[in-house]
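In case you want the letters, here they are:
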Amino acid sequence: MSYFFLMPQALQKIFGITPLLATVAFLPLTVVQFISSLFVAKLTFKKIKFIFVYILYNSYLSAALCK
């Protein structure tokens, strides 16, 4: 998160661009990050659900084999 705080300041101080142009320079990255965050939540839930079912199945299988 410090990237979004420090880079616009560096762009303004080092390269001498305006604050508005520094903001516009970060818009494509911000839009891509926003869109990808919508899909990551769904993928993470599916992955966690798969891992939970896998662990549950293995524990059931090991309990059945121990009897």
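Look up a bit, the structure's there.
The residue numbers shown here count from 1 along each chain, following its written sequence. Thresholds applied to this predicted model are a pLDDT of at least 70 for local features of residues and 80 or more for the giving and counting of side-chain atom pairs; totals over whole chains, interfaces and linings are not thresholded and use all residues. With hydrogens and water stripped out, all remaining heavy atoms of the structure feed into the side-chain values.

Undergrad: An account of the overall build of the protein is needed here, citing residue identities and associated values.
TA: Runs of H or I in DSSP of at least four residues are treated as helices and runs of E of at least two as strands, each being numbered from the N terminus. Looking only at helices and strands, the protein features two helices and zero strands. By residue count, 6% of the 67 residues in the protein fall in the buried class. Residue burial is assigned from relative accessible area. The probe radius is 1.4 Å, only protein chains are included, and a residue is buried under 20% of its type maximum, exposed over 50%, and partly exposed in between.

Undergrad: Just give me the short version of a nonpolar patch on the surface, but keep the residues and values in it.
TA: In this analysis, a patch consists of residues with relative accessible area above 30% that form no salt bridge, clustered at 9 Å for like charges and at 5 Å for the nonpolar side chains Val, Leu, Ile, Met, Phe, Trp and Tyr. Each accessible area is a Shrake-Rupley result for a 1.4 Å probe, and residues are judged covered by the shown protein chains and nothing else. Put simply, a salt bridge is a Lys or Arg side-chain nitrogen that is within 4 Å of an Asp or Glu carboxyl oxygen. Taken together, the side chains of Val31, Phe34, Ile35, Leu38, Phe39 and Leu43 make up a nonpolar region of the molecular surface, amounting to roughly 610 Å² of accessible area. Of note, Ile35 is situated in helix H2 (residues 19-66). Judged by its relative accessible area of 41%, Ile35 falls in the partly exposed class.

Undergrad: Run through helix H1 (residues 2-14), naming residues and quoting values.
TA: Multiplying one less than the number of residues by 1.5 Å gives the expected span of a helix. Across its 13 residues, H1 extends 17 Å between first and last C-alpha, which sits within 8% of the 18 Å expected from 1.5 Å per residue. Backbone geometry just downstream of H1 places Gly16 in the positive-phi region, at approximately 70°.

Undergrad: Residues and numbers for the environment of Leu21, please.
TA: For Leu21, the location among the structural elements is in helix H2. Through-space distance from the C-alpha of Leu21 to that of Pro8 is 9.2 Å; in sequence the pair is 13 residues apart.

Interpretation in functional terms is not warranted from these geometric data alone.
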